[in-house]
Amino acid sequence: MKLSRGQQGVTQLTMFLHVFFLLLVQAWLTEIHEYAQTDVVIMLLGNKADMSSERAIRRDEGERLAREYSVPFMETSAKTGVNVELAFTAVAKELKHRAVQHPNEPKFQIHEYIESQKEKSGCCSYF
Ligand SMILES: Nc1nc2c(ncn2[C@@H]2O[C@H](COP(=O)(O)OP(=O)(O)OP(=O)(O)O)[C@@H](O)[C@H]2O)c(=O)[nH]1
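In this report, the structure presented in the accompanying data block is examined.

Reading the values: rules and limits
Residues numbered from 1 in each chain as written. Predicted model: local features only at pLDDT ≥ 70, side-chain atom pairs only at ≥ 80, totals over all residues. Heavy atoms only, no water. Salt bridge = Lys/Arg side-chain N within 4 Å of Asp/Glu carboxyl O. Helix = DSSP H or I, 4+ residues; strand = E, 2+ residues; numbered from the N terminus. Buried < 20%, exposed > 50% of the residue type's maximum accessible area, 1.4 Å probe, protein only. Patch = residues over 30% accessible without salt bridge, like charges linked within 9 Å, V, L, I, M, F, W, Y side chains within 5 Å. Areas by Shrake-Rupley, 256 points an atom, 1.4 Å probe, with all protein chains shown as cover. 1 Å grid on protein atoms, 1.4 Å probe; cavity = no way out; pocket = protein on both sides within 12 Å on 5 of 7 lines; lining within 4 Å. Points joined across faces, edges and corners; volume = space filled by probe spheres on them. Nonpolar A, V, L, I, M, F, W, Y, C, P; charged D, E, K, R; others polar. Near = heavy atom within 4 Å. Polar contact = N/O pair within 3.5 Å; in protein donor to acceptor, adjacent residues only side chain to side chain.

## Regarding the pattern of salt bridges
- Here the structure, examined in full by the defined rule, presents six salt bridges.
- The closest approach of N and O atoms between R64 and E68, which form a salt bridge, is 3.1 Å. Residue R64 and its partner E68 are both found in helix 2 (residues 59–69); the two are separated by four residues, about one turn of the helix.
- On the accessibility criterion, R64 (36% relative accessible area) is partly exposed.

Here it is, written out as structure tokens:
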């Protein structure tokens, strides 16, 4: 199939933005690891999950980044609300457990919590 110059331009721009966004997320995660306090809670969210065909970063790429930086990953949608509450609840629970951890209590596992609570409707989480 032969693409017109306009189509080629759009394809090149899409590829450029794709690489740009991936590098941007990597840079953010690197900076957080480098400069934030060691006890900071980091979570990678892929928003606009309802627009799966138009996403800038694919789910498997989000999962790969999350694995690389050892952070939980979920896809969310501000439009449908999928996994939005869970993202906040998971971070809140992690912070609460850190603040009031009792010696005999098992450590709160944010990844397991997300796995058990996430909405399955075409969405995901990964650690
Ligand atoms: N369909 C859909 N639209 C969204 C979602 N989240 C935000 N938007 C819309 O995307 C547009 C940009 O949203 P902003 O919150 O301003 O985000 P931004 O970071 O400034 O811009 P983006 O690069 O588009 O994310 C607005 O029109 C929002 O209503 C989502 O989960 N699903």
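## Some words on a nonpolar patch on the surface
- Taken together, the side chains of L13, F16, L17, F20 and F21 define a hydrophobic patch exposed on the protein surface, amounting to about 460 Å² of accessible area.
- In this fold, L17 is placed in helix 1 (residues 5–35).
- When its relative accessible area of 33% is taken as the criterion, L17 is described as partly exposed.

## Describing the layout of surface pockets
- Its boundaries defined by the atoms lining it, the largest pocket holds a volume of some 510 Å³.
- Around the largest pocket sit 25 residues that line it, and V25, L45, G46, N47 and I57 are the ones nearest its centre.
- Examining the composition of the lining of the largest pocket, we find that six residues originate from one element, helix 1, more than from any other.
- When its residues are assigned to classes, the lining of the largest pocket shows 16 nonpolar, three polar and six charged.
- If you trace the second largest pocket, you find 14 residues lining it, with S70, P72, R98, I110 and H111 closest to the centre.
- Those elements that place two or more of their residues in the lining of the second largest pocket are helix 3 (84–99) and helix 4 (110–117).
- For the lining of the second largest pocket, a count of residues per class yields seven nonpolar, four polar and three charged.

## What to know about the site of the ligand
- In the region of the ligand, the neighbouring residues are N47, K48, D50, M51, S77, A78 and K79.
- Between the ligand and D50, the relevant distance is 2.7 Å, taken from a nitrogen atom to a side-chain nitrogen or oxygen of the residue.
- Residue composition of the shell around the ligand, grouped by class: two nonpolar, two polar and three charged.

All quantities given are derived from atomic positions and should not be read as evidence of function.
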